[in-house]
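So the chains spell out like this:
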Amino acid sequence: KGETEASLLDGVSKSMPNLLRAYEIQKKAAKVGFDWQEITPALEKVKEELVEFENEIKTESLIDAKKEFGDILFAFVNVARFLKIHPEEALFETNEKFMRRFRYIEEKVKNSEKSIEEHSLEELDRFWDEAKSKGL
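Residues numbered from 1 in each chain as written. Predicted model: local features only at pLDDT ≥ 70, side-chain atom pairs only at ≥ 80, totals over all residues. Heavy atoms only, no water.

Colleague: Summarise the packing of helix H1 (residues 18–31) against helix H4 (residues 87–110); cite the residues concerned and give the values.
Modeller: The interhelical angle for the contact between H1 and H4, taken along N-to-C directions, is 150°, at an axis separation of 9 Å. Compared by their axis directions, H1 and H4 come out roughly antiparallel. Across the interface between the two elements, Leu19, Leu20 and Tyr23 from H1 touch Pro87, Glu88 and Leu91 from H4. For the contact of H1 with H4, the per-class residue count stands at five nonpolar, no polar and one charged. (Axes fitted to C-alpha atoms, helices over the stretch in contact; angles between N-to-C directions. Helix = DSSP H or I, 4+ residues; strand = E, 2+ residues; numbered from the N terminus. Parallel < 35°, antiparallel > 145°, perpendicular 65-115°, else oblique. Contact = heavy atoms within 4.5 Å. Nonpolar A, V, L, I, M, F, W, Y, C, P; charged D, E, K, R; others polar.)

Quick look at the structure:
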């Protein structure tokens, strides 16, 4: 009698990356109807979580800010799932784009007479914008 009833979510492995795990948890909940029918409420949830996160930053409560940051990520994963965007693939593509652009910055720095640390953030941002304008 001491057994707990199994949850629909028990099959989601704790060993998978947490971005993917959030996606799988939400998919399982959606299969049984725990899901919005349109994107607007999902986007509103992201905005709500962002406000809560900003409030925790203002109070300098890092423990609560961490929780709210997790809520933001979870809400964004929900928006992605709703739009059939796989969050792991989207983040992979963004990581690759960042790396291409940062390598461009490194190349520009290499051709200058200063180290990367000697460049101002404004200079590095200009290189970043150049990379972006080149479609990198």
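Colleague: Would you mind going over the packing of aromatic side chains in detail, with residue names and values included?
Modeller: According to the stated counting rule, one finds three aromatic pairs in the structure shown. When the ring of Phe53 is compared with that of Phe69, the centres are 5.7 Å apart and the planes differ by 50°; the resulting orientation is tilted. In this pair, Phe53 is assigned in helix H2 (residues 39–58) and Phe69 in helix H3 (residues 62–82), connecting sequence segments 16 residues apart. Given a relative accessible area of 17%, Phe53 falls into the buried group. When its relative accessible area of 42% is taken as the criterion, Phe69 is described as partly exposed. Judged by centre distance (5.2 Å) and plane angle (50°), the rings of Phe98 and Trp128 are tilted. (Phe/Tyr/Trp six-rings, centres within 6.5 Å; stacked < 30°, edge-to-face > 60°. Buried < 20%, exposed > 50% of the residue type's maximum accessible area, 1.4 Å probe, protein only.)

Colleague: Any details on the pattern of salt bridges? Residues and values, ideally.
Modeller: A complete count under the given rule lists nine salt bridges for this structure. Across the pair Glu49 and Lys45 runs a salt bridge, and its minimum N-O distance is 3.4 Å. A residue pair is termed a helical-turn pair when its members lie 3 or 4 positions apart in one helix, as Glu49 and Lys45 do in helix H2 at four residues. Judged by its relative accessible area of 7%, Glu49 is buried. Assessed through its relative accessible area of 29%, Lys45 is described here as partly exposed. One salt bridge connects Glu130 with Lys108, and the closest N-O pair in it is separated by 3.4 Å. Here Glu130 is found in helix H5 (residues 121–133), whereas its partner Lys108 is found in helix H4, with 22 residues between them in sequence. Connected via shared salt-bridge partners are Lys45, Glu48 and Glu49. (Salt bridge = Lys/Arg side-chain N within 4 Å of Asp/Glu carboxyl O.)

Colleague: Any details on the environment of Asp71? Residues and values, ideally.
Modeller: Its place among the elements puts Asp71 in helix H3. The exposure class assigned to Asp71 is partly exposed, which follows from its relative accessible area of 32%. Counting along the chain gives 18 residues from Asp71 to Phe53, while the straight-line C-alpha distance between them is 8.6 Å.

Colleague: Can you explain the nonpolar core? Please cite residues and give values.
Modeller: One finds Ile105, Val109, Leu124, Phe127 and Trp128 forming the largest nonpolar core, which totals five residues. Among the elements of the structure, H4 and H5 are those that each provide at least two residues to this core. The residues contacting Phe127, other than those within four sequence positions of it, are Tyr104, Ile105, Lys108, Val109 and His119. (Core = buried A, V, L, I, M, F, W, Y, C linked by side-chain atoms within 4.5 Å.)

Colleague: Tell me about the packing of H1 against H3, and please be specific about residues and values.
Modeller: At a closest axis distance of 9 Å, the pairing of H1 and H3 adopts a crossing angle of 60°. When the axis of H1 is compared with that of H3, the two are oblique. When you trace H1 past H3, the crossing you get is right-handed. Two secondary-structure elements touch here, H1 through Leu19, Ala22, Tyr23, Ile25, Gln26, Lys27 and Ala30 and H3 through Phe74, Val77, Asn78 and Arg81. (Left-handed = near helix turned anticlockwise from the far one by under 90°.)

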